[in-house]
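Here is what each chain is made of, one letter per residue.
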Amino acid sequence: MRRIFLFSFLLLFVFLSCNTNSSRKLDFDVSDIDIPDFKIDRYEEDLFSIDTLNFATELNSIQNKYQIFLGTENLKEKGIQLLYNYVTDHKLINLNNKVRQNYPDVFFLEEELKTAF
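Caption draft 1: Examining the overall build of the protein chain more closely. The secondary structure content of the protein chain amounts to 7 helices and 0 strands. The order of helices and strands in the protein chain, counted from the N terminus, is α-α-α-α-α-α-α. Intrachain contacts of the protein chain at a sequence separation of at least 6 include 64% that bridge at least 24 residues. Total accessible area on the protein chain stands at roughly 10,300 Å², and carbon and sulfur atoms take up 58% of it.

Structure, rendered in structure tokens:
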């Protein structure tokens, strides 16, 4: 009996909360909100364009720009070696070249994101 009551209550709750009454829809005027310009920084382009002969130095030069991926502290030798192996992997180089061919720029995505916000 208790299960039937609980099930009935939950079923009733679901049906009542799924009301699509148009008076409950949110309608805000956001036309006066300025959306700042933004640019998508393409980490993969910068990473795969690093000269592998001078890899550690060039990796440190992009570290401030991509702190979310590379961290804020100096990269340790093992981390540098892992990234070096990553950017010199022939399959990943081919994949990166195909991505660059299909998406030479991401201007369209920046525009879509501006309208989304």
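Caption draft 2: Structural context of helix α3 (residues 55-63). Every buried residue of α3 is listed here: Phe 55, Leu 59, Ile 62 and Gln 63. What you see down the axis of α3 is that its buried residues fit within an arc of 115°, all on one side. In this structure, the buried side of α3 is in contact with α2 (43-48), α4 (67-70) and α5 (77-87).

Caption draft 3: Region of the structure containing the packing of α3 against α5. Remark: α3 packs on α5, axes separated minimally by 11 Å, with the N-to-C direction vectors making an angle of 100°. Looking at the two axes, α3 sits roughly perpendicular to α5. The residues of α5 that touch α3, namely those facing Phe 55, Ala 56 and Leu 59, are Ile 80, Leu 83, Tyr 84 and Val 87. Taken together, the residues of the contact of α3 with α5 sort by class into 7 nonpolar, no polar and no charged.

Caption draft 4: Expanded view of the pattern of salt bridges. Under the defined criterion, the tally for this structure stands at 4 salt bridges. Note that Asp 41 is salt-bridged to Lys 39, the shortest N-O span being 3.8 Å. Residue classification places Asp 41 among the partly exposed residues on the basis of a relative accessible area of 41%. On the accessibility criterion, Lys 39 (60% relative accessible area) is exposed. A salt bridge links Glu 44 to Arg 42; the shortest N-O distance between them is 2.7 Å. Each of Arg 42, Glu 44 and Glu 45 takes part in a single network of salt bridges with overlapping partners.

Caption draft 5: Representation of helix α6 (residues 90-102) in the model. Along its 13 residues, α6 runs 18 Å from first to last C-alpha, staying within 8% of the 18 Å computed at 1.5 Å per residue. In this structure Asp 89 caps α6, since a side-chain oxygen of it lies 2.8 Å from the backbone nitrogen of Lys 91.

Caption draft 6: Spatial organisation of the side chain of Arg 42. Secondary-structure assignment places Arg 42 in the loop between α1 (2-17) and α2. Within polar-contact distance, the side chain of Arg 42 engages the side chain of Glu 44 at 2.7 Å. When residues no more than four places from it in sequence are discounted, the contact partners of Arg 42 are Tyr 66, Val 99, Tyr 103, Pro 104, Asp 105 and Val 106.

Caption draft 7: Representation of the nonpolar core. Tyr 43, Leu 47, Phe 48, Ile 50, Phe 55, Leu 59, Ile 62, Tyr 66, Leu 70, Ile 80, Leu 83 and Val 87 together form the largest nonpolar core, which totals 12 residues. Where this core is concerned, the elements lending two or more residues are α2, α3 and α5. In contact with Ile 62, other than residues within four places in its own chain, are Asp 46, Leu 47, Ile 50 and Leu 70.

The rules behind the values
- Residues numbered from 1 in each chain as written.
- Predicted model: local features only at pLDDT ≥ 70, side-chain atom pairs only at ≥ 80, totals over all residues.
- Heavy atoms only, no water.
- Helix = DSSP H or I, 4+ residues; strand = E, 2+ residues; numbered from the N terminus.
- Contact = heavy atoms within 4.5 Å.
- Areas by Shrake-Rupley, 256 points an atom, 1.4 Å probe, with all protein chains shown as cover.
- Buried < 20%, exposed > 50% of the residue type's maximum accessible area, 1.4 Å probe, protein only.
- Arc of directions from axis to C-beta.
- Axes fitted to C-alpha atoms, helices over the stretch in contact; angles between N-to-C directions.
- Parallel < 35°, antiparallel > 145°, perpendicular 65-115°, else oblique.
- Nonpolar A, V, L, I, M, F, W, Y, C, P; charged D, E, K, R; others polar.
- Salt bridge = Lys/Arg side-chain N within 4 Å of Asp/Glu carboxyl O.
- Expected span 1.5 Å × (residues − 1).
- Polar contact = N/O pair within 3.5 Å; in protein donor to acceptor, adjacent residues only side chain to side chain.
- Core = buried A, V, L, I, M, F, W, Y, C linked by side-chain atoms within 4.5 Å.

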